[in-house]
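Structural features, examined
In case you want the letters, here they are:
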Amino acid sequence: MKVRVLVTLKNGVLDPQGRAIHHALEGLGFDGVNDVRAGRVIELDVADSTSDEALDDMCRKLLANMVIENYRIEKAA
Amino acid sequence: MAFTSAVITFPGSNCDRDMAVAIEKVCGGTVHRVWHGDADLPEGLDFIALPGGFSYGDYLRSGAMAACSPVMQAVVRAAERGVTVLGVCNGFQVLTEAGLLPGALMRNAGIRFVCRDVALTVENNQSLFTAGYDAGQQITIPVAHHDGNFFADDATLDRIEGEGRVAFRYAEAVNGSARNIAGVLGDRGNVLGMMPHPERMIEGAHGGTDGRALFESVVRGLVSA
């Protein structure tokens, strides 16, 4: 089973990388970009029997830092 | 009893030797060098230091992989037993990732790696690590980091400030850290994480000796305890 984990910074957490990307886009002449937030995508190939609880556990214990980040799990159809 | 300490080396640590030399010179006693894959620590440790560097290439998040290493399970157990634990720079990142300290260290607000001497204020001189300083004393210690921007939510910041757990604060803007926090104590006072490098300021040739008092405090605190 292919699983995609999207890790994003929580709202209200300053994202210096997103801000730098935003600045660079403006430098390239792209107008109308209101905000940029950078995150991380982690693709897992796991046994079909892997439970949702186990996936949550992986995210909480390692893939995301719950102090600053949120995560979303997407399973490939 | 002789002072017994351990410096942990992860793949990518690069301040482990400096840390070991600083402990040898200031604290004396026996300094064990411990590899990250060791599941057990030497017997009878008084003090464990997690050095600076780029453990595991900063993969995933700075300190995240090191926090999962076999030796860290042993360090967490030792800290819970009351052993004194210092994490400097990457060591601070590892301690937050391992859950021994609150908050997280994020990318510097100014994006750039910051490598220079900075002015710090000693906020709490009642701790095991800071008793050798005066309250409010301003000291100079170098920083060298890309991810030193301390973040915690407001409730956590209020709590650690209220409990006197901010050991050091930057006296100038350095990396965007919440409330200019440079060093944080654990809830029982036996764990300290800090981004500045006290082990790089222990003798005249370093350009200053403001880091010595931290190591002296640890020895004195343990001897009198």
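Residues numbered from 1 in each chain as written. Chains lettered and ligands numbered in written order. Predicted model: local features only at pLDDT ≥ 70, side-chain atom pairs only at ≥ 80, totals over all residues. Heavy atoms only, no water.

**Thoughts on the side chain of Glu199 of chain B**
Residues and elements named next belong to chain B. If you trace the backbone, Glu199 turns up in the loop between β11 (191–194) and α5 (212–224). Although Glu199 is buried, it forms no salt bridge, and the closest oppositely charged side chain is Arg200 at an N-O distance of 4.3 Å. For Glu199, the side chain forms a polar contact with the side chain of His197, separated by 2.7 Å. For Glu199, the contacting residues outside a window of four places in its chain are Cys15, Asp18, Met19, Ala22, Val88, His206 and Phe215. (Helix = DSSP H or I, 4+ residues; strand = E, 2+ residues; numbered from the N terminus. Buried < 20%, exposed > 50% of the residue type's maximum accessible area, 1.4 Å probe, protein only. Lys, Arg positive; Asp, Glu negative; His and termini not counted. Salt bridge = Lys/Arg side-chain N within 4 Å of Asp/Glu carboxyl O. Polar contact = N/O pair within 3.5 Å; in protein donor to acceptor, adjacent residues only side chain to side chain. Contact = heavy atoms within 4.5 Å.)

**Notes on the pattern of salt bridges**
Residues and elements named next belong to chain B. Scanning the entire structure with this criterion turns up 20 salt bridges over all chains. For the salt bridge of Glu161 with Arg179, the shortest nitrogen-to-oxygen distance reads 3.3 Å. A residue pair is termed long-range when its members are at least 10 positions apart, and Glu161 in helix α4 (residues 154–162) and Arg179 in the loop between β9 (166–170) and β10 (181–185) qualify at 18 residues. With relative accessibility at 32%, the residue Arg179 sits in the partly exposed group. Through salt bridges with shared partners, a single ionic network connects Glu123, Asp154, Asp158, Glu161, Arg169 and Arg179.

**Notes on the sheet that holds β10 of chain B**
All names here are of chain B. With mixed pairing, the nine strands of this open sheet are ordered in space as β2-β1-β3-β4-β11-β10-β9-β6-β7. Single-partner strands in this sheet number two, and they are β2 (30–35) and β7 (138–145). Going from strand to strand, the sheet's axes swing by 20 degrees on average, the running direction of each strand aside. In this structure, strand β1 (residues 4–9) lies alongside β2, joined through six bridges in parallel fashion. Residue pairing across strands places Val7 opposite Arg33, the latter belonging to β2. Lying over the sheet, helix α2 (residues 70–81) contacts β1, β2, β3 (47–50), β4 (84–88) and β11, oriented at roughly 135 degrees with respect to β3. (Pairing = 2+ DSSP bridges. Axes fitted to C-alpha atoms, helices over the stretch in contact; angles between N-to-C directions.)

**Details of the interface of chain B and chain A**
Taken together, the contact pairs 13 residues of chain B with 16 residues of chain A. Together, Leu60, Arg61 and Met106 of chain B form the three largest contributors to the area buried by chain B at its contact with chain A, with a combined 41%. For the interface between chain B and chain A, the tally reads one salt bridge. A salt bridge links Glu69 of chain A to Arg61 of chain B; its shortest N-O distance comes to 3.7 Å. On inspection of chain B and its partner chain A, the count reaches five residue pairs in polar contact (both at pLDDT 80 or more). (Buried area = accessible area lost by both parts, 1.4 Å probe.)

**Section: α2 of chain B**
Compared with an ideal rise of 1.5 Å per residue, which puts twelve residues at 16 Å, α2 of chain B spans 18 Å between its outermost C-alpha atoms and is within 8% of the ideal. Residues of α2 of chain B that are buried include every one of Val71, Met72, Ala74, Val75, Val76, Ala78 and Ala79 of chain B, and no others. (Expected span 1.5 Å × (residues − 1).)

**Observations concerning the sheet that holds strand β1 (residues 2–9) of chain A**
All names here are of chain A. Pairing is antiparallel in the open sheet, where three strands are placed in the order β2-β1-β3. Of all the strands in the sheet, the pair left with one neighbour each is β2 (40–45) and β3 (69–75). When the angles between neighbouring strand axes are averaged without regard to direction, this sheet yields 20 degrees. Docked against the sheet, helix α2 (residues 52–63) engages β1, β2 and β3, running at close to 145 degrees with respect to β3.

**So, the pairing of strand β6 (residues 114–122) of chain B**
Residue and element names in this part refer to chain B. Note: β6 against β7, eight bridges, orientation antiparallel. Each bridged residue has a counterpart across the sheet, and for Asp117 the counterpart in β7 is Pro142. When β6 meets β9, the two strands line up antiparallel, connected through three bridges. In the strand pairing of β9, Leu120 is matched with Tyr170.

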